[in-house]
Amino acid sequence: MSSSRTRLLVTCEHGGNQVPSPYAEYFEGLEQVLNSHRGYDLGALPLARDLADRLSTVPLVYAEVTRLVVDLNRSATSRSLVSEYLQGVSRAGRTLLMDRYYRPYRAWVADCAEALMADSSRLIHLSVHSFTPVFKGRPRTADIGLLYNPDRLPEKAFCRQWKTGLVTLLPDLRVRFNWPYRGTADGLVRSLRSLYPSDRYLGIELEVNQGLVAEDGRFPQILSSCLADSLDQLISRPS
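Criteria and cut-off values
Residues numbered from 1 in each chain as written. Predicted model: local features only at pLDDT ≥ 70, side-chain atom pairs only at ≥ 80, totals over all residues. Heavy atoms only, no water. Helix = DSSP H or I, 4+ residues; strand = E, 2+ residues; numbered from the N terminus. Rg over C-alpha atoms; globule rule 2.2 N^0.38 Å. Buried < 20%, exposed > 50% of the residue type's maximum accessible area, 1.4 Å probe, protein only. Contact = heavy atoms within 4.5 Å. Areas by Shrake-Rupley, 256 points an atom, 1.4 Å probe, with all protein chains shown as cover. Lys, Arg positive; Asp, Glu negative; His and termini not counted. Charge placed at Lys NZ, Arg CZ, Asp CG, Glu CD. Pairing = 2+ DSSP bridges. Axes fitted to C-alpha atoms, helices over the stretch in contact; angles between N-to-C directions. Parallel < 35°, antiparallel > 145°, perpendicular 65-115°, else oblique. Left-handed = near helix turned anticlockwise from the far one by under 90°. Nonpolar A, V, L, I, M, F, W, Y, C, P; charged D, E, K, R; others polar. Core = buried A, V, L, I, M, F, W, Y, C linked by side-chain atoms within 4.5 Å.

Visitor: Hey, could you run me through the overall build of the protein chain in this one?
Guide: Across its full length, the protein chain holds six helices and eight strands. Element order for the protein chain, N to C, with α for helix and β for strand: β-α-α-β-α-β-β-β-β-α-β-α-β-α. Over its C-alpha trace the protein chain gives a radius of gyration of 18 Å, about what one expects of a compact globule, namely 18 Å for 239 residues. Taking the principal axes of its C-alpha atoms as reference, the protein chain extends roughly 55 × 40 × 30 Å. Across the 239 residues of the protein chain, 51% fall into the buried class. Summarising the internal contacts of the protein chain: among those between residues at least 6 apart in sequence, 80% fall at separations of at least 24. With the model as given, the accessible surface of the protein chain reaches about 11400 Å², and the carbon-plus-sulfur share is 49%. Here the protein chain holds 29 positive side-chain charges and 26 negative ones, and the gap between their average locations is 7 Å.

Now the structure itself:
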């Protein structure tokens, strides 16, 4: 790991399933969809908040507008930026959602990243997500996914060391790399990677299995503690 100071930024792009009032008519009768994994990442925002609190109150940037209105984890040109439920929205309506929700969120994250790296510190950007335990009828048999770009060697090394720390604390934890999605897929961290060298910016996506969420909508404290403690040990480790 680099000898420069390491800072951490936690974000959560799919933290809620709120529908802004200008778009409410498009989601009438779709409560079941909004409450599903399509509407938001169950448990992700409470976990992101917990991690930020446990790790010396690091900055947390999050959104609670449903991804079915606008997906903040997609590029502005992505076909899935706006869901099929808003295909009938007017051009003015699309402009509004970009100006009021998409661009401000992206700018908020970018400004935080820039500020944290202003003193030549290295930044670990942890984008927190969760995934449905069954997708298209097939069970997903892992608890944690660590997503990174294999061509950016500091990200690869970081995730391998983090996995070691996680399974040391919780030996039965099933951790996989670049799963259930590829770490190079379209997303917020990919856009930021294009702005900074690999030794200054590490964009890591944390994916956690929603099957572990308790009835209160939160992941177990033992899991969030394990994630925070192992991450803290890794960031604090001397070069």
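On we go from here.
Visitor: Help me understand the pairing of strand β8 (residues 201-209) in this model?
Guide: Regular strands have side chains that alternate between both faces of the sheet. With nine of nine residues buried, β8 is to be regarded as a mostly interior element. Here β8 shows a buried face lined by Y201, G203, E205, E207 and N209 and a second buried face lined by L202, I204, L206 and V208. In the sheet, strand β3 (residues 122-131) pairs with β8 via nine bridges, with the strands oriented parallel. Each residue of the ladder has a partner; that of I124, found in β8, is L202.

Visitor: What is the right way to look at the packing of helix α4 (residues 153-169) against helix α6 (residues 221-236) in this model?
Guide: When two helices pack together, their arrangement is given by the angle between the helix axes and by the axis-to-axis distance. Contact geometry for α4 and α6: axes closest at 9 Å, N-to-C directions at 130 degrees. The angle between α4 and α6 places the two elements in the oblique class. Two packed elements cross with a definite hand, and for α4 against α6 that hand is right-handed. Each of F158, Q161, W162, G165, L166 and L169 in α4 lies in contact with α6, whose residues at this interface are C226, L227, D229, S230, L231 and L234. Residue composition of the contact of α4 with α6, by class: eight nonpolar, three polar and one charged.

Visitor: Help me understand the packing of helix α2 (residues 44-54) against α6 in this model?
Guide: Contact geometry of α2 with α6 gives a least axis separation of 10 Å together with a crossing angle of 50 degrees. As summarised for this structure, α2 and α6 are arranged oblique, according to the angle between their axes. In terms of crossing hand, the pair formed by α2 and α6 is right-handed. Counting all contacts with α2, which are made through L47, D50, L51 and R54, the residues of α6 involved are Q221, S224, S225, L227 and A228. Residues that form the contact of α2 with α6 fall into these classes: four nonpolar, three polar and two charged.

Visitor: Which parts of the structure should I look at to understand the nonpolar core?
Guide: Proteins that are soluble and globular tend to have nonpolar side chains buried together. Among the nonpolar cores identified, the biggest contains 37 residues, and L8, L126, I144, W162, L206 and L227 are the most heavily contacted of them. For this core, the secondary structure elements donating two or more residues are β1 (6-12), α2, β3, β6 (144-147), α4, β8 and α6. Of all the elements, α6 adds the most residues to this core, at seven residues. Not counting residues up to four positions away in its chain, the partners in contact with L8 are L55, V58, P59, L116, L123, I124, L126, L231 and I235. Formed by 33 residues, the second largest nonpolar core is a distinct cluster that contains V33, V70, V109 and C112.

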